[in-house]
Amino acid sequence: MAMMGIHLTLTFLGGVGLFLLGMRLMTDGLKVAAGDALREILARGTATTPRGIVSGIAITAVVQSSSAVIFATVGFVNAGLLTLFQAVGVVIGSNIGTTATSWLVAIVGFKVDLQALALPAIAIGMLLRVTGQGKRRAYLGDALTGFGIFFLGLDVLKASFGDFGEGFDLAEYTGNGVLSLLMFAAIGVIMTVVMNSSSASLAITLTAAGTGLIPLTAAAAMVIGANVGTTSTALFAVIGATSSARRAAVAHVLFNVVVGIVAFVSLPALLWLVAQAAQLMRLEPGPATSLAVFHTITKLLGMAIFWPATPRLVRFLETRFRSAEEDEGQPRHLDRHIASTPDLALDALNMELQRIGEIARRGARDVVSMEGATALERLRRDRQIIERLILATAEFSNRAQYGEMPASIAEGFPLAMRVSRYYGDIAEHVEEVARLEATLTTPTDPAISEALTEFRRETAHFLSLADPDDEEFSMKRLKHAIKDFADDYQALKALLLRAGADDRLPVRQMVARLDELSHVRRIVDQAYKAAKYTRRLRKQLHHYRDDEVEESGDARDDDAVMRMTSAATPTSGDESAERPTGHDTGSERGSG
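Residues numbered from 1 in each chain as written. Predicted model: local features only at pLDDT ≥ 70, side-chain atom pairs only at ≥ 80, totals over all residues. Heavy atoms only, no water.

Asks: What is the right way to look at the overall build of the protein in this model?
Replies: Scanning the protein from terminus to terminus reveals 26 helices and zero strands. Burial statistics for the protein: of 592 residues in total, 52% are counted as buried. Considering only intrachain contacts with a sequence separation of at least 6, the fraction spanning at least 24 residues in the protein is 80%. As presented, the protein carries roughly 26,700 Å² of accessible surface, and 60% of it is formed by carbon and sulfur atoms. (Helix = DSSP H or I, 4+ residues; strand = E, 2+ residues; numbered from the N terminus. Buried < 20%, exposed > 50% of the residue type's maximum accessible area, 1.4 Å probe, protein only. Contact = heavy atoms within 4.5 Å. Areas by Shrake-Rupley, 256 points an atom, 1.4 Å probe, with all protein chains shown as cover.)

Okay, here's the thing in structure tokens:
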């Protein structure tokens with residue numbers, strides 16, 4: 001008797017192993033055979049929630065793995081290729097698509113000679129694999145072989161459950177009401193987590209019910225447990241992921257947990273509905289078919305709950321898992337309730353611009369004061385933060401300008417938008433300087449190294465003077481500092497050109513240094529304009545007369561930096577060495 005039990009257990013485990021191997025071959029083979037088609041569907045077919053649901057259903061039904069689709073969805077959100085709103089649609093669809101396995105087992109597994117179907121599939125699949133090395137049909141062969149092995153495993157499971165049921169009746173464990181159902185649901189969760197496949201867990205459950213090993217109600221509880229257990233995939237997928245990816249994973253968890261709770265509480269009603277639906281669709285009665293219908297109904301119930309709630313769910317999730325950069329990228333002063341009061345709205349914009357300016361100047365100070373490459377990733381993050389804040393200020397400004405307002409206040413909103421764009425340009429050029437610096441080596445010529453150090457020092461000094469929030473800020477001092485910066489700029493430019501002509505500096509290094517120099521000039525130019533127009537904005541806001549602002553009111557002063565640094569360079573080298581770059585012209589947007 002003991003030997004018989006060991007044999008049945010090993011047979012069962014072997015069947016599970018064949019089933020999992022078949023699932024793996026099917027999933028991996030179909031993913032590769034489909035090429036980029038699945039990726040394109042996931043990236044482009046998710047613009048709206050209905051399209052996302054359809055895409056999720058289609059992809060999951062094809063690759064026979066909701067786990068693979070959830071992993072891909074979380075990865076796309078992590079990379080910024082999918083928004084959280086789009087991901088929720090895919091999650092809903094993927095959960096519905098996983099019912100394809102239930103129908104495959106119910107319709108084929110109990111009505112067809114599985115070996116007669118499996119062995120030819122394996123033979124054809126291996127033929128495609130052997131004759132198609134390196135070609136797409138080889139992976140299609142893997143999928144077909146997996147399909148055959150899947151049904152071989154199912155056949156082994158049917159046989160083992162049939163023998164197991166002769167000596168062991170699980171029905172005796174179903175007499176404790178809710179506790180018994182909770183036990184079977186827990187078994188479903190554990191099986192799914194251990195095998196890392198809800199499809200395998202569902203197939204085992206349907207096969208056990210189809211052979212009469214467990215009653216329909218207990219099997220339905222195991223189906224609910226399997227659906228909840230599949231959330232472990234999403235939890236593993238978010239290890240080390242971004243906040244957005246975590247939110248997408250939580251959406252998957254919430255879907256299955258909420259649907260599981262609702263289905264468990266309403267289990268008797270759902271099973272009655274299953275019987276009515278099976279009769280209406282004229283399906284052949286049987287536990288496996290009933291469970292396939294039950295599985296589908298629970299997923300459709302989840303869609304009915306979550307589809308209308310998607311916008312609210314997204315808003316709720318966006319307030320969770322806040323990262324430091326996201327917190328910094330959220331406006332702190334732009335309250336929509338004060339947008340209807342123009343003077344308060346302009347004051348709020350002024351305070352938000354202080355934050356944007358500090359982030360922009362922080363990156364500029366860091367990039368000009370470091371000898372080596374600045375942390376490019378951090379500067380890229382700062383730029384993204386600034387861009388988000390600029391977009392928020394623009395939307396707030398548009399909202400605030402509805403209706404009548406005093407002319408003095410009305411003139412302040414365009415000034416605020418102008419200042420925000422200057423800060424955006426600073427962040428753009430800061431990132432370019434860091435990128436160039438990462439490719440440059442320290443010059444071996446002491447004169448060049450010393451000139452670079454002096455230029456960085458003068459630039460850092462200028463940036464400190466260009467902070468309009470500093471108590472000692474003065475436009476007169478800032479304009480005098482332009483002259484010192486221009487002298488250092490021209491001296492360094494001439495030195496680099498001479499060094500390139502004398503072969504003291506490789507030509508590539510010279511060109512890169514000149515490009516870097518040009519970007520730094522643009523940073524200084526935009527910082528000067530931002531400071532100037534910030535002072536003018538505050539004059540509009542506080543209705544005060546600032547002699548320094550009035551003094552610098554001439555629009556020709558906007559180009560003071562560019563005009564003074566564009567003077568002829570005192571060198572015999574070829575002036576054309578400093579080629580105009582896209583950055584020289586591109587940053588003029590917003591400087592008008």
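That shown, we press on.
Asks: Would you take a moment to explain helix α6 (residues 99-108) for this structure?
Replies: For an α-helix the count is 3.6 residues per turn, leaving residues at separations of three or four pointing the same way. Burial runs high along α6: seven of the 10 residues are buried. Residues of α6 that are buried include every one of Thr-99, Thr-101, Ser-102, Leu-104, Val-105, Ala-106 and Val-108, and no others.

Asks: Help me out: how do you make sense of the environment of Ile-107 in this one?
Replies: As for its placement among the helices and strands, Ile-107 is situated in helix α6. According to the relative accessible area criterion, Ile-107 is partly exposed, its value standing at 46%. For the pair Ile-107 and Ala-288, spaced 181 residues apart in the sequence, the C-alpha separation amounts to 8.3 Å.

Asks: What am I meant to see in a nonpolar patch on the surface here?
Replies: Residues Ile-6, Leu-10 and Leu-13 make up a contiguous nonpolar surface patch of about 300 Å² in total accessible area. Relative to the helices and strands, Leu-13 is located in helix α1 (residues 2-33). Assessed through its relative accessible area of 49%, Leu-13 is described here as partly exposed. (Patch = residues over 30% accessible without salt bridge, like charges linked within 9 Å, V, L, I, M, F, W, Y side chains within 5 Å. Salt bridge = Lys/Arg side-chain N within 4 Å of Asp/Glu carboxyl O.)

Asks: Even after reading the chapter, I still don't get the confidence of the model for the protein, so can you show me in this structure?
Replies: As a note on interpretation, predicted positions should not be read in detail where pLDDT is low. Chain-level statistics for the protein give a pLDDT mean of 79 and a share of 79% at 70 or above. Within the model, the stretch residues 544-553 combines pLDDT values under 50 with 20 contacts to residues more than four positions away or in other chains. Contacts from residues 571-592, a stretch scored under 50 in pLDDT, to residues over four places away or in other chains number 46 contacts. (pLDDT = per-residue confidence, 0-100.)

Asks: Looking at this model, I keep getting lost on the side chain of Asp-382. Mind explaining?
Replies: Examined against the element boundaries, Asp-382 turns out to sit in helix α18 (residues 376-400). When its relative accessible area of 3% is taken as the criterion, Asp-382 is described as buried. Leaving out residues up to four positions away in the same chain, Asp-382 has contacts with Ile-359 and Arg-362.

Asks: Which parts of the structure should I look at to understand helix α9 (residues 178-195)?
Replies: Relative to the 26 Å expected for 18 residues at 1.5 Å per residue, α9 spans 26 Å between its end C-alpha atoms, a close match to the ideal helical length. Within the sequence span of α9, burial applies to Ser-180, Leu-181, Phe-184, Ala-185, Gly-188, Met-191, Thr-192 and Met-195. For α9, the angular spread of the buried residues around the axis is 140°, confining them to a single face. When the buried face of α9 is taken as reference, the exposed residues oriented beyond 90 degrees from it are Val-178, Leu-179, Ile-190 and Val-194. Count one or two residues on from α9 and you reach Asn-196, which has phi positive near 55°. (Expected span 1.5 Å × (residues − 1). Arc of directions from axis to C-beta.)

Asks: Help me understand the side chain of Lys-299, please; the structure alone is not making it clear to me.
Replies: Tracing the backbone through its elements, the reader meets Lys-299 in helix α15 (residues 287-318). Of the polar contacts made by the side chain of Lys-299, one reaches the side chain of Asn-256; its length is 3.2 Å. Residues within four places of Lys-299 in sequence aside, it is in contact with Asn-95, Ile-96, Thr-98, Thr-99, Asn-227, Phe-255 and Asn-256. (Polar contact = N/O pair within 3.5 Å; in protein donor to acceptor, adjacent residues only side chain to side chain.)

Asks: Help me out: how do you make sense of unusual backbone geometry in this one?
Replies: Trans peptide bonds make up the majority, and among non-glycine residues the majority have a negative phi. A positive phi angle, close to 65°, is found at Asp-503, a residue other than glycine. Following the sequence through the fold, Asp-503 ends up in the loop between α22 (475-501) and α23 (507-542).

Asks: How should the pattern of salt bridges be read in this particular structure?
Replies: Oppositely charged side chains can pair when the atoms bearing their charge come close. Taken as a whole and assessed by the stated rule, the structure comprises 23 salt bridges. Of the charged contacts, one joins Asp-469 and Arg-361 as a salt bridge, the two residues approaching to 3.6 Å between their closest N and O atoms. Of the two residues, Asp-469 is situated in the loop between α21 (446-465) and α22 and Arg-361 in helix α17 (residues 342-369); the sequence distance between them amounts to 108 residues. By relative accessible area, Asp-469 is classed as partly exposed at 32%.

Asks: Explain the nonpolar core to me, please; I cannot follow it from the model alone.
Replies: What tends to happen in soluble globular proteins is that the nonpolar side chains get buried as a cluster. Of all hydrophobic cores here, the largest spans 70 residues; its most connected members are Leu-349, Phe-413, Ile-426, Phe-462 and Leu-478. Those elements that provide at least two residues to this core are α17, α18, α20 (412-439), α21, α22 and α23. Ranked by residue count, the leading element in this core is α23, at 14 residues. When sequence neighbours within four positions are dropped, the list of residues in contact with Leu-349 reads Leu-334, Thr-393, Phe-396, Ser-397, Phe-413, Ala-416 and Met-417. Core analysis: the second largest hydrophobic core is formed by 51 residues, Leu-157, Met-222, Ile-224 and Val-293 among them. (Core = buried A, V, L, I, M, F, W, Y, C linked by side-chain atoms within 4.5 Å.)

Asks: Can you help me understand the packing of aromatic side chains in this one?
Replies: Each aromatic ring pair is summarised here by two numbers: the centre-to-centre distance and the angle between the ring planes. Per the stated rule, a full pass over the model turns up five aromatic pairs. Here Phe-462 and Phe-485 contribute two aromatic rings whose centre-to-centre distance is 6.2 Å and whose plane-to-plane angle is 45°, an arrangement assigned as tilted. Of this pair, Phe-462 sits in helix α21 while Phe-485 is found in helix α22, placing the two residues 23 residues apart along the sequence. There is no split in this pair, since Phe-462 and Phe-485 are both buried. These aromatic residues form a ring-pair network of at least three members: Phe-455, Phe-462, Phe-485 and Tyr-489. The aromatic ring of Tyr-139 is capped on one face by Arg-129, whose charged end is 5.3 Å from the ring centroid. The cationic tip of Arg-418 hangs over the ring face of Tyr-533; the distance from NZ or CZ to the ring centre is 4.1 Å. (Phe/Tyr/Trp six-rings, centres within 6.5 Å; stacked < 30°, edge-to-face > 60°. Lys NZ or Arg CZ within 6 Å of the ring centre and 35° of its normal.)

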